[in-house]
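Working through the structure, step by step
The lines below spell out each chain.
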Amino acid sequence: MKQTSIIFLLTIVTACTPNIHRGQFSLLSTEAIKGDFEVLATSKVNGKACYNPLKTQLLLPDGVFDASVSNALDKVQGATLLLDIMVQDTGPCIVVSGTPARKRR
């Protein structure tokens, strides 16, 4: 009986997805944003970051969305924003892809 209770409790803890902090975005839109942007590459770049399992179980934010965007931006020098972004939740990780750009001065 004790083993059954422990297995039941572990199943509940590992099967439930907690409310994870999804990042802090300055701008997010479902429509095209008008602005003066300089596209820095013709092909999209990908960025990836994985959840910290311990922080996830303790319901602590770990900045996985911010980290995946930063990872993508680091691939092109001078990039400060992504255009036409796509976010994919692969389970343990977040993959972000988009066209690297920066706002013109």
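Residues numbered from 1 in each chain as written. Predicted model: local features only at pLDDT ≥ 70, side-chain atom pairs only at ≥ 80, totals over all residues. Heavy atoms only, no water.

When you go through the chain residue by residue, the secondary structure sums to 3 helices and 4 strands. Order of helices (α) and strands (β) in the chain, N terminus to C terminus: α-β-β-α-α-β-β. In the chain, which comprises 105 residues, the share counted as buried stands at 25%. Within the chain, contacts between residues at least 6 apart in sequence are counted, and of these 62% link residues at least 24 apart. Approximately 7,900 Å² of the chain is accessible, and the part contributed by carbon and sulfur atoms is 57%. (Helix = DSSP H or I, 4+ residues; strand = E, 2+ residues; numbered from the N terminus. Buried < 20%, exposed > 50% of the residue type's maximum accessible area, 1.4 Å probe, protein only. Contact = heavy atoms within 4.5 Å. Areas by Shrake-Rupley, 256 points an atom, 1.4 Å probe, with all protein chains shown as cover.)

Here the focus is the pattern of salt bridges. By the definition in use, this model includes 3 salt bridges. Residue K44 pairs with D84 through a salt bridge whose shortest N-O separation is 3.3 Å. On the criterion of sequence distance, the pair formed by K44 in the loop between β1 (37-39) and β2 (45-50) and D84 in strand β3 (residues 81-89) is long-range, its members being 40 residues apart. The exposure class assigned to K44 is partly exposed, which follows from its relative accessible area of 41%. You can call D84 exposed: its relative accessible area is 58%. (Salt bridge = Lys/Arg side-chain N within 4 Å of Asp/Glu carboxyl O.)

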